[in-house]
Amino acid sequence: NIIKFNSRVPNDIVNAYLKQTDIMMPLFSPESTGKFRISGSYNSAYGYKIPLYLDNGFNNNIDFKDIALFFDKNENLVSQINQLVNNKHEINECKQALQNNPVYKVENQCDHFINFIFNE
């Protein structure tokens, strides 16, 4: 299901929905974000270990290797989403990759942060 809100959503409701989310789909393309901008949804996806569903223009980005799925904006998007939902194997593989990727482990993130502060 796709959930849409028409006003600001309280944090506790956002968190409750994110805990039940299978996949996140930021609605932008590589052309609209430029080379050096990101979506805040990345942080939520990584924090909650939710795979991203991205425009296939991001497919060559190493940051998304094995932890994101991609759609073709030139194809029927509803059909692509339905196919993904009907075969959750791909979503589950990405979720496992996110959970097991050492880059996204809290301990490693803390180490990087401490090294950045004290070694810069």
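Preceding this paragraph is the structure being described.
Draft legend 1. Summary view of helix H5 (residues 89–100). In this model, H5 (12 residues) spans 16 Å end to end at C-alpha, consistent with the 16 Å of a helix rising 1.5 Å per residue. Within the sequence span of H5, burial applies to Ile91, Cys94 and Leu98. The buried residues of H5 occupy one face: seen down the axis, they fall within an arc of 65 degrees. On its buried face, H5 is in contact with helix H3 (40–48), strand S2 (68–71) and helix H4 (77–86).

Draft legend 2. Just the nonpolar core, in detail. Grouped together as the largest cluster of nonpolar side chains are 15 residues, with contacts concentrated most on Met24, Tyr42, Tyr46, Leu52, Leu54, Phe58 and Phe64. When residues of this core are traced back to their parent elements, those giving at least two are H3 and strand S1 (52–55). With 3 residues, H3 is the largest single contributor of residues to this core. Those residues in contact with phenylalanine 64 that sit more than four places away from it in its chain are Tyr42, Tyr46, Leu52, Leu54, Phe58 and Phe70.

Draft legend 3. Broad picture of the packing of aromatic side chains. Taken as a whole and assessed by the stated rule, the structure comprises 6 aromatic pairs. Taken together, Tyr42, Tyr46, Phe58, Phe64 and Tyr104 form an aromatic cluster joined through their ring pairs.

Draft legend 4. The side chain of aspartate 55, seen in detail. Following the sequence through the fold, aspartate 55 ends up in strand S1. Sequence-distant contacts of aspartate 55, defined by excluding residues within four places in its chain, comprise Phe28, Ser29, Pro30, Phe70, Phe71 and Lys73.

Draft legend 5. Geometry of the environment of proline 26. With respect to the element layout, proline 26 can be found in the loop between helix H1 (11–19) and helix H2 (30–33). Along the primary structure proline 26 and serine 39 are separated by 13 residues, whereas in three dimensions their C-alpha atoms are 7.2 Å apart. Ignoring sequence-local partners within four residues, the contact set of proline 26 consists of Ser39, Ser41, Tyr42, Leu52, Tyr53 and Leu54.

Draft legend 6. Unusual backbone geometry, seen in detail. Phi is positive for lysine 49, which is not a glycine, with a value near 60 degrees. By the secondary structure assignment, lysine 49 is in the loop between H3 and S1. For lysine 49, a relative accessible area of 19% corresponds to the buried category. Of note, aspartate 66 is a non-glycine position whose phi angle comes to about 70 degrees, a positive value. Inspection of the secondary structure puts aspartate 66 in the loop between S1 and S2. On the basis of relative accessibility, which here comes to 51%, the residue aspartate 66 falls in the exposed class.

Thresholds, definitions, all that
- Residues numbered from 1 in each chain as written.
- Predicted model: local features only at pLDDT ≥ 70, side-chain atom pairs only at ≥ 80, totals over all residues.
- Heavy atoms only, no water.
- Helix = DSSP H or I, 4+ residues; strand = E, 2+ residues; numbered from the N terminus.
- Expected span 1.5 Å × (residues − 1).
- Buried < 20%, exposed > 50% of the residue type's maximum accessible area, 1.4 Å probe, protein only.
- Arc of directions from axis to C-beta.
- Contact = heavy atoms within 4.5 Å.
- Core = buried A, V, L, I, M, F, W, Y, C linked by side-chain atoms within 4.5 Å.
- Phe/Tyr/Trp six-rings, centres within 6.5 Å; stacked < 30°, edge-to-face > 60°.

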